[in-house]
Amino acid sequence: MQKNLGVKPFLFPMPTYMIGTYNPDNTPDVMMMAWGGICAEDCVALNLEASHKTVANLKERKAFTLAVPGTDTLRQSDFLGIASANQLADKFARTGLHAVKSERVDAPVITEYPLTLECEVTEMQTQPYGLRVLGKIVNVLADEKVLDAAGKIDPAKLQAFVFDQMQNGYYAVGNKIGQAWHSGADLMKK
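Cut-offs applied
Residues numbered from 1 in each chain as written. Predicted model: local features only at pLDDT ≥ 70, side-chain atom pairs only at ≥ 80, totals over all residues. Heavy atoms only, no water. Pairing = 2+ DSSP bridges. Helix = DSSP H or I, 4+ residues; strand = E, 2+ residues; numbered from the N terminus. Axes fitted to C-alpha atoms, helices over the stretch in contact; angles between N-to-C directions. Contact = heavy atoms within 4.5 Å. 1 Å grid on protein atoms, 1.4 Å probe; cavity = no way out; pocket = protein on both sides within 12 Å on 5 of 7 lines; lining within 4 Å. Points joined across faces, edges and corners; volume = space filled by probe spheres on them. Nonpolar A, V, L, I, M, F, W, Y, C, P; charged D, E, K, R; others polar. Core = buried A, V, L, I, M, F, W, Y, C linked by side-chain atoms within 4.5 Å. Buried < 20%, exposed > 50% of the residue type's maximum accessible area, 1.4 Å probe, protein only. Salt bridge = Lys/Arg side-chain N within 4 Å of Asp/Glu carboxyl O. Polar contact = N/O pair within 3.5 Å; in protein donor to acceptor, adjacent residues only side chain to side chain. Phe/Tyr/Trp six-rings, centres within 6.5 Å; stacked < 30°, edge-to-face > 60°.

Engineer: Can you tell me about the sheet that holds strand β4 (residues 43–48), naming the residues and giving the values?
Structural biologist: Here we have 7 strands laid out as an open sheet, ordered β2-β1-β5-β8-β9-β4-β3, and antiparallel in their pairing. Looking at the sheet topology across the chains shown, the edges are occupied by β2 (28–33) and β3 (36–40). Taken pair by pair, the neighbouring strands of this sheet meet at an average axis angle of 35°, ignoring direction. Across 6 bridges, strand β5 (residues 63–68) lies against strand β8 (residues 115–127) in antiparallel orientation. Residue pairing across strands places Ala67 opposite Thr116, the latter belonging to β8. Together, β1 (17–22), β2, β4, β5, β8 and β9 (130–142) form the strand contacts of helix α1 (residues 53–61), whose direction differs from that of β1 by roughly 55°. Helix-sheet contacts for helix α2 (residues 74–82) involve β1 and β2, and the interaxial angle to β2 is about 95°.

Listed below in structure tokens is the structure:
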């Protein structure tokens, strides 16, 4: 029997992405976010609260990186979701992570994150539910350690983790259990 839970943002899994921007003093600002994702072949959508320091940086710099953190950076990544750069000026420095300037956009690339999308802000939409930031992907960077022999990203090697909106947990992902557009193809036959 099903039980009504009311209106809740309960989808599983929720992604864990790291938004990288630069502060006005050129120090890196990174925040974890889960409400967003791919919305077109070369476009991402981020749903953010306007009060975030990251939002001020996005408005100023018109660029960001969007990285997938690995389980080896869970502690630091979680901290970057807990702490506000509005209150902790040294938020990024406290993590011990390292940043280099992107060659394509005015934003930092965090070297410990295995997959990073370099993005330009194309639109900021004020909505009744918050701010939606649309970004054009101008490049994807992948650490060689997450590539297979053919040079493609191997999701199992990413050691990514996802967020659980229901109980506030993190879960490791990576075990392949099927092949998209193939595992159910036999149901097409009569």
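Engineer: Give a description of the layout of surface pockets that names residues and reports values.
Structural biologist: Roughly 610 Å³ of internal volume is contained in the largest pocket. Lining the largest pocket are 28 residues, with Met31, Met32, Met33, Ala34 and Trp35 sitting closest to its centre. Elements supplying a minimum of two residues to the lining of the largest pocket: β2, β4, α1, α2 and β9. Top element by residues in the lining of the largest pocket is β2. It accounts for 4 residues. Residue classes in the lining of the largest pocket are distributed as 15 nonpolar, 8 polar and 5 charged.

Engineer: How would you sum up the nonpolar core? Please name residues and give values.
Structural biologist: Grouped together as the largest cluster of nonpolar side chains are 16 residues, with contacts concentrated most on Ile19, Leu46, Leu48, Phe64, Leu66 and Val133. Elements with a minimum of two residues in this core: β2, β4, α1, β5, β8 and β9. Contact partners of Leu48, with chain neighbours within four places excluded, come to Ile19, Met31, Met33, Val55, Leu58, Gly130, Leu131 and Val133.

Engineer: Explain the pattern of salt bridges to me, using residue names and the numbers behind them.
Structural biologist: As enumerated under the stated definition, the model contains 5 salt bridges in all. Arg94 is paired through a salt bridge with Asp90; the nearest N and O atoms lie 2.9 Å apart. The salt bridge partner of Asp106 is Lys101, with a shortest N-O separation of 3.4 Å. The class for Lys101 is partly exposed, based on a relative accessible area of 48%. Three or more residues joined by partner-sharing salt bridges are found here, namely Arg61, Lys101 and Asp106.

Engineer: Hey, could you go over the side chain of Thr65 for me, with residue numbers and the actual values?
Structural biologist: Its location among the elements puts Thr65 in strand β5. Judged by its relative accessible area of 2%, Thr65 falls in the buried class. Separated by 2.6 Å, the side chain of Thr65 and the backbone oxygen of Pro108 make a polar contact. Every residue in contact with Thr65, bar those within four places of it in the chain, is listed here: Met18, Ile19, Gly20, Val105, Ala107, Pro108, Val109, Thr116, Leu117 and Glu118.

Engineer: Pulling in residues and values, what's your account of the packing of aromatic side chains?
Structural biologist: Inspection of every chain in the model, using the stated rule, returns 3 aromatic pairs. A centroid spacing of 5.2 Å and a plane angle of 80° characterise the contact between Phe161 and Tyr170, whose relative ring orientation is edge-to-face. Between Phe163 and Tyr170, the aromatic rings sit 6.2 Å apart at their centres with planes inclined by 55°, giving tilted as the arrangement. Given a relative accessible area of 17%, Phe163 falls into the buried group. Through successive ring pairs, a cluster of aromatic residues spans Phe161, Phe163 and Tyr170.

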